[in-house]
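Fold and contact review
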Amino acid sequence: MNVLLVGSGGREHAIAWRLSQSPRLSKLWIAPGNPGTAPFGENVDVRATDLDGLVALAQRIHADLVVVGPEDPLAAGLVDRLAATNIPAFGPSGAAAQLEASKAFAKNLMRDAGIATSGSATFEDAGRAAAYVRDVGHLVVVKADGLAAGKGVTVCDDVAQAEAAIDAAMRDRAFGAAGARVVIEERMFGRETSAHAFTDGVTVRHMPFSCDHKPVFDGDRGPNTGGMGVYSPPSWLPERVAEAIRRDVTERTVRAMADAGTPYRGVVYPGMMLTADGPRVVEYNARFGDPETEVLLPRLRSDLLDICDAVAHGRLAEVPVEWDDRATVGVMMVSPGYPGTYPSGAPIEGIESVDEDVQVFMAGTARDTSGRLVTAGGRVLCVVAGGTTVAEARERAYDNVQRISFEGAHYRTDIAARADEALTFPVPATR
Ligand code: GLY
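What this report covers is the structure whose coordinates are included nearby. It should be emphasised that the depicted structure is a prediction, and the values quoted were computed from it without experimental measurement.

Counting 121 residues, the largest nonpolar core has V66 and F198 as the members making the most contacts within it. In this structure, F123, A126, A165 and I184 belong to the second largest nonpolar core, which totals 15 residues.

Have a look at this one:
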């Protein structure tokens, strides 16, 4: 099969690596890819937001399948554009991708389908939104309705912070058009986990649970990022609660999307919070998580290309989707200043000295004119190690992180440090 993979992050490096292991792959193209994807196929300089360019490329290479990594081209309707030219794609239609691209759409779907989430209200007027947070009587989270590269969410400690977040999103347009509408949610407290699944719209195949660490500094301090590190599986997640999430959230969501006339194909990934009242959806993502993919795909025993192809053709029930029971931990190394402004072009040293079975997934990296590997983004690379336990995988990941360097490199030192800590409160599986 000729396959086009869209994207350029650590997620796409991991996907390219696993697609390249399929005996069914003839050739892989990656648009635009990064130095990590280059060994697995041909990187082509077409950006993930250039829908015309991507459709033209897919036609030129006679793609049998297009695998879409990031959310922006999904929300912009890339899968629909490809379908119009009879090119199968792995990923939801533009209408189905609203599950991630509009927080208000997701809230309405959850309300109608009886899927547990926090209470919320949606506003298109900043004055009314501010009056609401002053009157509502509980702490809130202010979310830009649209896609904002993981930056449109403010978890507020008081009313003043909520008012400032509303101003930033709605008046200052800090997230562009994504902030024209805001969703204001009741703030939840608990522990978070990512619940990924493959679906072809009918069949759902769950992946192992994983846990991202969003804030930039140790102890969950500082601003949110795209994700600073991740582990899988969370041993603290009770199986009865995991089963309730699979059944009452993920599978119910897929059915609700079909019932709403927006059947969903691809990866669906509800971000969950385990609260004292039960598991609640924090948000949906319409694609593989990043960095979750970097710790999930090393655990996949089955052929990723078979799965993606089956999803695209509505045949997921026919292919095996099996996982090994190893633990994996990924630590993200980022540029100094990220998630704010950061330099680029710093030489990256030491990758050749990591252990053979440890993976270094490239994200914001590039080759300079002399072919040296240099930094070229906020999140630079993700070091992933496996082990029989999360603690063992964690120790190996950090041992290898210390062999890699670039000027000002920052990483959290507490990724997966609390992975074995039991929950301090009982979580009912249902409300
Ligand atoms: N892990 C966060 C995300 O992929 O959005």
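Moving on, we come to unusual backbone geometry. At the junction of A31 and P32, the peptide bond is cis and its omega measures out at -5° in the coordinates. In this fold, P32 is placed in strand β2 (residues 27-32). For the bond running from Y338 to P339, omega is 10°, close enough to zero to count as cis. One can find P339 in the loop between β19 (327-334) and β20 (359-362). In this structure, H62 is a non-glycine residue whose phi angle is positive, near 55°.

With that out of the way, let us pick up the site of the ligand. Looking at the ligand, the residues that line it are D212, K214, G226, Y269, N285, R287, G289, D290, P291 and E292. Contact distances for the ligand include 2.8 Å between a nitrogen atom and a side-chain N or O atom of D212. Between the ligand and the protein, one listed contact pairs an oxygen atom with a backbone N or O atom of D290 at 2.9 Å. Considered class by class, the residues forming the shell around the ligand number two nonpolar, three polar and five charged.

Our focus in this paragraph is the pairing of strand β1 (residues 2-7). Most of β1 is tucked away: six of the six residues are buried. Summarising the sheet, β1 and β2 pair through six bridges and their orientation is parallel. In the strand pairing of β2, V6 is matched with A31. As for the winding sense of the linkage, the β-α-β connection from β1 through helix α1 (residues 10-19) to β2 is right-handed.

In this section: the pattern of salt bridges. Tallied over the entire structure, the rule returns 32 salt bridges. Note that R287 is salt-bridged to E71, the shortest N-O span being 3.3 Å. With R287 in the loop between β18 (278-285) and α10 (292-296) and E71 in helix α3 (residues 71-75), this pair connects stretches of sequence that are 216 residues apart. A residue is classified by how much of its surface remains accessible, and R287, at 12% relative accessible area, is buried. Judged by its relative accessible area of 15%, E71 is buried.

In spatial order, the strands read β6-β9-β7-β8; together these four strands make up an open sheet with antiparallel pairing. The open sheet has two edge strands, β6 (120-123) and β8 (153-155), and neither has a second partner. Across this sheet, the average inter-strand angle for adjacent strands is 15°, counted without regard to direction. The pairing of strand β7 (residues 140-144) with strand β9 (residues 182-186) spans five bridges and is antiparallel. Bridging from a neighbouring strand, V142 pairs with I184 of β9. Against the sheet, helix α7 (residues 126-135) contacts β6, β7 and β9, and its axis sits at roughly 155° relative to β6. Sheet strands in contact with helix α8 (residues 159-171) are β6, β7, β8 and β9, and its direction is about 5° off that of β7.

Quick look at the packing of aromatic side chains now. One pass over the full model with this rule turns up seven aromatic pairs. Arranged with centres 5.8 Å apart and planes meeting at 55°, the rings of W17 and F361 form a pair that is tilted. Of this pair, W17 sits in helix α1 while F361 sits in strand β20, and the two are 344 residues apart along the sequence. You'll find W17 and F361 in the same group, each marked buried. Relative to Y132, the ring of F123 has its centre 5.1 Å away and its plane inclined at 50°; by these criteria the two rings are tilted. Accessibility expressed as a relative area gives 12% for F123, which makes it buried.

Procedures and definitions
- Numbers given for residues are sequential positions, taken from 1 along each chain in its written order.
- It should be noted that, the model being predicted, local features are given only for residues of pLDDT at least 70 and side-chain atom pairs only at 80 or more, the latter also being counted only at that level, while totals for whole chains, interfaces and linings use all residues.
- With hydrogens and water excluded, all non-hydrogen atoms of the structure serve as input to the side-chain values.
- By nonpolar core is meant a set of buried Ala, Val, Leu, Ile, Met, Phe, Trp, Tyr and Cys residues that side-chain atoms within 4.5 Å join together.
- Each residue's exposure class comes from its accessible area (1.4 Å probe, protein chains only) as a fraction of the maximum for that residue type: buried when under 20%, exposed when over 50%, partly exposed otherwise.
- For the purposes of this entry, the term helix denotes a DSSP run of H or I that reaches at least four residues, the term strand denotes a run of E that reaches at least two, and both are numbered from the N terminus.
- The nearness test applies per residue and asks whether one of its heavy atoms lies within 4 Å of the molecule or strand.
- Polar contacts here mean pairs of N or O atoms no more than 3.5 Å apart (in protein, one a potential hydrogen donor and the other a potential acceptor; neighbouring residues in sequence count only if both atoms are side-chain atoms).
- Gly is put with the polar residues, along with every residue not named as nonpolar or charged; the nonpolar set is Ala, Val, Leu, Ile, Met, Phe, Trp, Tyr, Cys and Pro, and the charged set is Asp, Glu, Lys and Arg.
- Note on pairing: DSSP must find at least two bridges between two strands before they are called paired.
- A crossover counts as right-handed when, viewed with the strands pointing away from the observer, the path leading from the first strand over the helix to the second turns clockwise.
- Salt bridge, as used here: a side-chain nitrogen of Lys or Arg that lies within 4 Å of a carboxyl oxygen of Asp or Glu.
- Working convention: axes come from line fits to C-alpha atoms, limited for helices to the stretch in contact. Angles between N-to-C directions cover 0 to 180 degrees.
- Contact criterion: two residues are considered in contact whenever any of their non-hydrogen atoms come within 4.5 Å of each other.
- Any two of the Phe, Tyr and Trp rings considered here, Trp counted by its six-membered ring, make a pair once their centres fall within 6.5 Å; the pair's planes then place it as stacked at under 30 degrees, edge-to-face at over 60, or tilted in between.

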